[in-house]
Amino acid sequence: MVCYYCDGITAVTNSRKKIRLKQIWRRRQCKKCLRTFTTVEQIDFEKALSVDKGMGHSEPFLRHKLCSSIIYSLGHRKNAVYEAGPLTDTIISKILSQNHSALIDSKQISQITGLVLKRFDRTAAVHYSAYHSVN
């Protein structure tokens, strides 16, 4: 990887897997300017996964679209934006563990999201189910 500061070559000095999030955390050091920085590698869901919308129509999986619907459902909570990120990661992790295909059914996404929200906040789950087909 190229250095963020000087465009020099970098070396990995430490690396850890974040298994639940399917990410790799890396500490890098530039060989030229000797600065250290951190990178996180993760799946590009938009390129790797598609959502089956039915009737032969599919679209790219957009993490921010899922996160936005969760923020909207958590609107009654003081920290909705802060809480939506980890909830989105949990939902994506469950989707990936239950689905071994690059094509994910939109109903499956709604069902898993509804279950995760129900465990976290029943009001949010009810609000989510009002706009999404959870059953």
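If you're wondering where the values come from, they're calculated on a predicted model, not measured in any experiment.

Draft legend 1. The arrangement of the packing of helix H2 (residues 63–73) against helix H3 (residues 80–98) in detail. Taken N-terminus to C-terminus, the directions of H2 and H3 make an angle of 130 degrees; their axes are 9 Å apart at the nearest point. Looking at the two axes, H2 sits oblique to H3. Considering how the two elements wind past one another, H2 and H3 form a crossing that is right-handed. Contact with H2, carried on its side by Arg 63, Leu 66, Cys 67, Ile 70 and Ile 71, involves Ala 80, Val 81, Ala 84, Gly 85, Leu 87, Thr 88, Asp 89, Ile 91 and Ile 92 of H3 and no other residues of that element.

Draft legend 2. A look at the sheet that holds strand S5 (residues 57–60). Spatial ordering of the open sheet is given by S5-S4-S6, a layout of three strands whose pairing is mixed. Edge positions in the sheet fall to S5 and strand S6 (103–105), since each of these pairs with one other strand and no more. Across the sheet, the mean angle separating the axes of adjacent strands is 35 degrees when strand polarity is ignored. Where helix H4 (residues 106–120) meets the sheet, it contacts strand S4 (50–54) and S6, and its direction lies at approximately 60 degrees from that of S6.

Draft legend 3. Seen up close, the packing of aromatic side chains. A complete count under the given rule lists four aromatic pairs for this structure. Here Tyr 4 and Tyr 5 contribute two aromatic rings whose centre-to-centre distance is 5.4 Å and whose plane-to-plane angle is 90 degrees, an arrangement assigned as edge-to-face. On the basis of relative accessible area, Tyr 5 is assigned to the partly exposed category, the value being 43%. Ring centres of Tyr 72 and Tyr 131 lie 5.9 Å apart, and the angle between their planes is 70 degrees; this geometry places the pair in the edge-to-face category. Of this pair, Tyr 72 sits in helix H2 while Tyr 131 sits in helix H5 (residues 122–131); the two residues are 59 residues apart in sequence, bridging distant segments of the chain. Judged on exposure class, the residue Tyr 72 and its partner Tyr 131 are both exposed.

The rules we used
Residues numbered from 1 in each chain as written. Predicted model: local features only at pLDDT ≥ 70, side-chain atom pairs only at ≥ 80, totals over all residues. Heavy atoms only, no water. Axes fitted to C-alpha atoms, helices over the stretch in contact; angles between N-to-C directions. Helix = DSSP H or I, 4+ residues; strand = E, 2+ residues; numbered from the N terminus. Parallel < 35°, antiparallel > 145°, perpendicular 65-115°, else oblique. Left-handed = near helix turned anticlockwise from the far one by under 90°. Contact = heavy atoms within 4.5 Å. Pairing = 2+ DSSP bridges. Phe/Tyr/Trp six-rings, centres within 6.5 Å; stacked < 30°, edge-to-face > 60°. Buried < 20%, exposed > 50% of the residue type's maximum accessible area, 1.4 Å probe, protein only.

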